[in-house]
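# Structural overview
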Amino acid sequence: MEDILKREKWLFILFAVVAFALNSCQLFVDDDDDGSSEAQTSTTEAPIAEATLAFSTDAKSLNIVPMNESITLSAEVSANTVSYQWYESSDGTTANASAIQGATGTSFEVPAATSRGIRYYYCTATTAETKINSSVATVVCTGLPVVQIDTVDSEEPTADQVSPPAGCYGAGLKNATKVPARMRLHNAGTIVYDSGEYVKKESGLTIKLRGNTSAYGAKKPYKLKLQKKADLLSTLNNRSDSKYQDKDWILLKDGTSLNTFVGMSVADIAGTSWTPEFAYVNVVINGDYRGIYMLIEAISRGEKRADVSKNGYIIERDAYWWNEDVKFITNLNQKYTFKYPDEEDITDAQLEYIKNYMNTLEENVQTGTYEDYLDTESFARWQLIHDILGTLDSGGSNIYMTKYDNTESSKIIMSTPWDFDSNYRMTNAWSNVHNTNRIYSKLMFESETKTFINSYKSQWQTLSSSLWTELYTKLIELQNEFGDDINLSRQVDAVRWSISSYSTVQDNISTAQSWFTSRISWLDSAINAL
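Right, let's get into a positive patch on the surface. A grouping of K200, K201, K229, K247, R301 and K310 is seen on the molecular surface, where their side chains present a positively charged patch. Note on placement: K200 falls in the loop between β18 (190–194) and β19 (205–209). K200 sits in the exposed class, given a relative accessible area of 59%.

This is the structure we're talking about:
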């Protein structure tokens, strides 16, 4: 409790420091729905003369700088004869500030950050009549890589929020704009990836909002579409195989918890054939810090991702099917949309084939003869992972299935789990999807054919004794390598989005430990009773 109080006190101080400037107080004011912030300045010291002096260009209050890189701050007033002096403050106040020798221009290049930390700067502008001070610029180096995205004409990605038609549920996005942009990925003083300026099919990328209700908040998730394939994680995750190169990437906003880390780690430990790799990054779009994100592989076709042939399929059991142009509905009223082929590429014959196949699969699930149509092990594993995590909202969207090709020799396989927002919610109960037919679990649990339930039990028996040990090892490795970087990033993210508190990596590990300690015991008993 003492640590939590200290952390919240520090966060309160950082809120004040970022907003503070000598003789002016800069506040974050959210004046529209997208959560953007604008600076408002109120001068507290009356000028010596009647003429008003003000900064036409003010120092930006919150600045993220990559490790071993510098940043240039600017502040300028509109007056004929002005002298400038930049100061560095030890605590964000003017009481403990020192003039920086030689820093007497309208801009100042902050020395490269060589360690994790926070620094504070401001500028004074002096004329014969008066003297004023810029906003305090908070310069933060968290140690994490920085994704820098600059869109053409500084355009922001937008989308319309849409409600479901009668009889459907969920709320989603429509008409999401694909904004052309350039991306640079900074790590340890080096630009490890540069997409180049946007040229369709040649260089650059497009960025758009992704998700459904997850995109309704001030902090947005994004999808990145590179114009040329690249492996954005090659340097960050130390991998060199060109088969990792892809055009589709996600900026997932779950950097402020370890829910996705834990979920993907459990999926990996359980033996899922592919779980998306990722890295924690800070994101700056058009010069504006957007927070800590996970740069993660998207669900897409690829030898190192969802491995299907050109004649194969990646389909999604999708609660938001009503918001998609290409979809199909099965005889059991299951609604599916497509990840592959792309909507604009899929033919009527391809659509008819997969719909007929899924209808046949459902008929065989109902009669207990499903083994020739679906991969029992992957379906049982996917269900087990969600039961281990106790997910509440695992039955909406993000349920992905693959079929390698359009021949009878390939079966439907459950792909990687994805949605972990609601981990740890079903205490002493199955995950919500366990007793539904969203992946046909209820039918197969109750079937006289025991292939599914036997695989489910067998996988748990293999997994249960070492699950927490393996997961805890992964968590401690993350904490040791990136824990301090992530914690500082979360603190600054909280300031950016006016959130009053944040959790640390250690907090998340403690939560996971408490959950898995009791969950493994409960599952041992519950699964034995099936």
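Most often, soluble globular proteins have nonpolar side chains that are buried together. Residues Y280, M358, F379, M401 and F516 are the most contacted members of the largest nonpolar core, which totals 80 residues. When residues of this core are assigned to their parent elements, the largest contribution, 10 residues, is made by helix α8 (residues 505–528). Ignoring anything within four residues of it in the chain, the contact list for M401 reads Y313, I314, I315, Y336, M358, F379, I412, I413, M414, S415, R438 and I439. In this structure, I149, M183, L209 and L233 belong to the second largest nonpolar core, which totals 27 residues.

The full count for this structure, using the stated rule, is 18 aromatic pairs. Ring-pair connections join several aromatic residues into one group, and the members of that group are Y313, Y353, Y357 and Y373. The positively charged end of K219 is found above the aromatic ring belonging to Y293, 4.8 Å away from the centroid. Note that K403 overlies the ring of Y357, its terminal NZ or CZ placed 4.6 Å from the centroid.

Next up on the list: the layout of surface pockets. Counted as a void, the second largest pocket has a volume near 660 Å³. Those elements that provide at least two residues to the lining of the second largest pocket are α2 (259–269), β22 (278–285) and α7 (467–496). In terms of residue count, α7 provides more of the lining of the second largest pocket than any other element does, five residues in total. In terms of residue class, the lining of the second largest pocket is made up of 11 nonpolar, five polar and five charged.

This paragraph deals with the pairing of strand β20 (residues 222–230). For β19 and β20, the ladder comprises five bridges, and the chain directions are antiparallel. Considered in β20, the bridge of L205 is made with L226. Alignment of β20 against strand β21 (residues 246–252), held across five bridges, turns out to be antiparallel. Within β21, the residue paired with K225 across the bridge is D248.

Now for α8. A rise of 1.5 Å per residue sets the reference length of α8, with its 24 residues, at 34 Å; its end C-alpha atoms lie 34 Å apart and thus fit the reference within 8%. All of the buried residues in α8 are V505, N508, I509, A512, W515, F516, R519, I520, W522, L523, A526 and I527. Among the structural elements, α2, α4 (376–389), α6 (451–464) and α7 are those in contact with the buried residues of α8.

The next thing to look at is the packing of α2 against α7. Taken N-terminus to C-terminus, the directions of α2 and α7 make an angle of 135°; their axes are 10 Å apart at the nearest point. Relative to α7, the element α2 lies oblique. As α2 runs across α7, the sense of the crossing is right-handed. Of the residues in α7, those in contact with F261, V262, S265, V266, D268 and I269 of α2 are L467, E470, L471, K474, L475 and L478. Broken down by class, the residue content of the contact of α2 with α7 amounts to eight nonpolar, one polar and three charged.

When pLDDT is averaged along the chain, the result is 90; 90% of the residues meet or exceed 70. Under a pLDDT of 50 for its full length, residues 15–51 has, in the predicted model, 73 contacts with residues more than four places off or in other chains.

Conventions and cut-offs
- Residues numbered from 1 in each chain as written.
- Predicted model: local features only at pLDDT ≥ 70, side-chain atom pairs only at ≥ 80, totals over all residues.
- Heavy atoms only, no water.
- Patch = residues over 30% accessible without salt bridge, like charges linked within 9 Å, V, L, I, M, F, W, Y side chains within 5 Å.
- Areas by Shrake-Rupley, 256 points an atom, 1.4 Å probe, with all protein chains shown as cover.
- Salt bridge = Lys/Arg side-chain N within 4 Å of Asp/Glu carboxyl O.
- Lys, Arg positive; Asp, Glu negative; His and termini not counted.
- Charge placed at Lys NZ, Arg CZ, Asp CG, Glu CD.
- Helix = DSSP H or I, 4+ residues; strand = E, 2+ residues; numbered from the N terminus.
- Buried < 20%, exposed > 50% of the residue type's maximum accessible area, 1.4 Å probe, protein only.
- Core = buried A, V, L, I, M, F, W, Y, C linked by side-chain atoms within 4.5 Å.
- Contact = heavy atoms within 4.5 Å.
- Phe/Tyr/Trp six-rings, centres within 6.5 Å; stacked < 30°, edge-to-face > 60°.
- Lys NZ or Arg CZ within 6 Å of the ring centre and 35° of its normal.
- 1 Å grid on protein atoms, 1.4 Å probe; cavity = no way out; pocket = protein on both sides within 12 Å on 5 of 7 lines; lining within 4 Å.
- Points joined across faces, edges and corners; volume = space filled by probe spheres on them.
- Nonpolar A, V, L, I, M, F, W, Y, C, P; charged D, E, K, R; others polar.
- Pairing = 2+ DSSP bridges.
- Expected span 1.5 Å × (residues − 1).
- Axes fitted to C-alpha atoms, helices over the stretch in contact; angles between N-to-C directions.
- Parallel < 35°, antiparallel > 145°, perpendicular 65-115°, else oblique.
- Left-handed = near helix turned anticlockwise from the far one by under 90°.
- pLDDT = per-residue confidence, 0-100.

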